[in-house]
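Remarks on the overall topology
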Amino acid sequence: MTYSNRLSQEAQRSLLERLRAREEAALGELYDELAPWVLGLAVRILQDQAEAEEVLSEVFVQVWEQIDRHDARRGPLTPWVLSIARSRALDALRRRRRWWRKADRWGEAQVGEDAPAPDPGEAAVPGWPVHQEVHAALAALPEEQRRVVLLAYFEGLTHSEIARRTDQPLGTVKTRLRIAHAKLAEGLKHLKDWQR
Amino acid sequence: MTDWLGMSARPETTRPELRAAVLARARGAARRERWSAGRTLAAAAVLVVVVGAWWAGDSLRRQHGRTRALEAQLAAVRDTVRFLRGPGTRVVQVPVHTPGRIGSVTLFADTATGRWYVACENLAPNEPDETYQLWFATEAGMVTAAVMPMQDSRPMWMTVEVPAGVARVTGAAMSIEPRRGSRVPTGPMVFQVKL
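To start, this report covers the structure provided alongside it. (Residues numbered from 1 in each chain as written. Chains lettered and ligands numbered in written order. Predicted model: local features only at pLDDT ≥ 70, side-chain atom pairs only at ≥ 80, totals over all residues.)

Within chain A, the regular secondary structure consists of nine helices and zero strands. From first element to last, N terminus to C terminus, chain A shows the α and β order α-α-α-α-α-α-α-α-α. Put simply, chain A has 196 residues, and 34% of those count as buried. (Helix = DSSP H or I, 4+ residues; strand = E, 2+ residues; numbered from the N terminus. Buried ≥ 20, exposed ≤ 12 C-beta atoms within 10 Å, placed from the backbone.)

Now the structure itself:
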């Protein structure tokens, strides 16, 4: 397993310190590192390029303003930024009046998601190996577990909403989520270890 | 591990011009934040000054009001003293017997100006439906001077004036009347005195 395209632990620590010191160049470096992933996540949730770019902008504003709130002991910078991106994208999704129409398009977009065909140059994006690992961990889940994870993460649905959407009992949804999270934690634990 | 799930989405190529716009917005927002904080502090300072000025002004107004009230009281006292010591003022003190006690009514009567100062001491309180009523005794009969209901036996002072058009006042009287007073004396006389 290689992380040649990712920031080393030491480099990330240094980047964090420079961000806290309000060094604007560091913000540019963070953007170069994470913008494709933030935008990708926002596009995945919103299925709308313009809205996703707005979310991208909001995320970096928030990161720049709230960098002091990031607690390095609780996790590395990348998932923290991605969690902000997810929250802002889900906020935008909830605000959207065309919710159901967009949700339908999102459902259609799901069809090809399991078999990603990298665009030329995509693999050169920083963090691509991590993407492959996370994607592989998700793909390794049984379909019913992967579905509940995706509904919870990318649509921000509650357990009850997932139960209604999948027409499954609430207890079943909770169980599937719990098992899926345990499998993901096991499969991806080295990512967390790497950051420590 | 959900922290890392965001990486499962495929990366999107960002438009080159987006980078500069996003970074400029982030830096601008931070500056606005600092500017906003500065403005908040300035607004707070202005508010403190305004509130302080209002408080000082209000205190001065209150102080001025108290001063004017004291000046008015002092003027009233001086007027009373001047009246009591006036050369045309006659003083008559009348012992008064009311139920259960002996008190007095002192009349300071300036016959020239028709202004009287009346001091009542140690009079028994009235029954709830009764009142003391002071009368001017004139050649044409009794004319009401004042209705003086007394709730307790504390001393009472008052200034009364002889109504215009009343014939020469020859004396004074006090009676116990119904609570609202009477046009002519109807109740028991407390005292009756000639000047």
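Still more to cover.
Turning to the overall build of chain B, a few remarks are in order. Helix and strand content of chain B: two helices and eight strands. Mapped in sequence order, the helices and strands of chain B form the string α-α-β-β-β-β-β-β-β-β. Within chain B, residue pairs in contact and separated by at least 24 positions form 55% of the contacts whose partners lie at least 6 positions apart. (Contact = placed C-beta atoms within 7 Å.)

Residue and element names in this part refer to chain B. Pairing is antiparallel in the open sheet, where four strands are placed in the order E5-E4-E7-E8. Two strands bound the open sheet, and with one partner strand each, they are strand E5 (141-148) and strand E8 (189-194). On average, each strand axis in the sheet is tilted by 20° relative to the strand beside it, whichever way the strands run. When strand E4 (residues 130-138) meets strand E7 (residues 169-178), the two strands line up antiparallel, connected through nine bridges. Within E7, the residue paired with Tyr-132 across the bridge is Ile-176. (Pairing = 2+ DSSP bridges. Axes fitted to C-alpha atoms, helices over the stretch in contact; angles between N-to-C directions.)

A:Val38, A:Ala42, A:Leu56, A:Val81 and A:Ala85 are the most contacted members of the largest nonpolar core, which has 54 residues in total. Those elements that place two or more of their residues in this core are helix H2 (24-46), helix H3 (49-66), helix H4 (77-95), helix H6 (128-139), helix H7 (143-154) and helix H9 (170-195) of chain A together with helix H1 (2-5) and helix H2 (16-84) of chain B. Sequence-distant contacts of A:Ala42, defined by excluding residues within four places in its chain, comprise A:Ala52, A:Val55, A:Leu56, A:Ala85 and A:Ala89. Grouped together as the second largest cluster of nonpolar side chains are 17 residues, B:Trp116, B:Cys120, B:Leu123 and B:Ala172 included. (Core = buried A, V, L, I, M, F, W, Y, C linked by C-beta atoms within 7 Å.)

Residue and element names in this part refer to chain A. Relative orientation of the contacting elements helix H1 (residues 9-20) and H2 amounts to 135°, with a least axis distance of 8 Å. Considering their axes alone, H1 and H2 lie oblique with respect to each other. As for the relative orientation of H1 and H2, their crossing is left-handed in sense. Facing Leu-15, Arg-18 and Leu-19 of H1, the residues of H2 in contact are Ala-26, Leu-27, Glu-29 and Leu-30. The residue inventory of the contact of H1 with H2, partitioned by class, reads five nonpolar, no polar and two charged. (Parallel < 35°, antiparallel > 145°, perpendicular 65-115°, else oblique. Left-handed = near helix turned anticlockwise from the far one by under 90°. Nonpolar A, V, L, I, M, F, W, Y, C, P; charged D, E, K, R; others polar.)

Time to look at the sheet that holds strand E3 (residues 115-121) of chain B. All names here are of chain B. The strand order across the open sheet formed by four strands is E1-E2-E3-E6, and the pairing between neighbours is antiparallel. Each edge of the open sheet is held by one strand with a lone partner, namely strand E1 (89-98) and strand E6 (156-161). This sheet shows a mean twist of 20° between the axes of neighbouring strands, independent of strand direction. Strand direction decides the pairing type here: E1 and strand E2 (residues 101-110), joined by 10 bridges, are antiparallel. Looking at the pairing, Arg-90 lines up with Ala-109 of E2.

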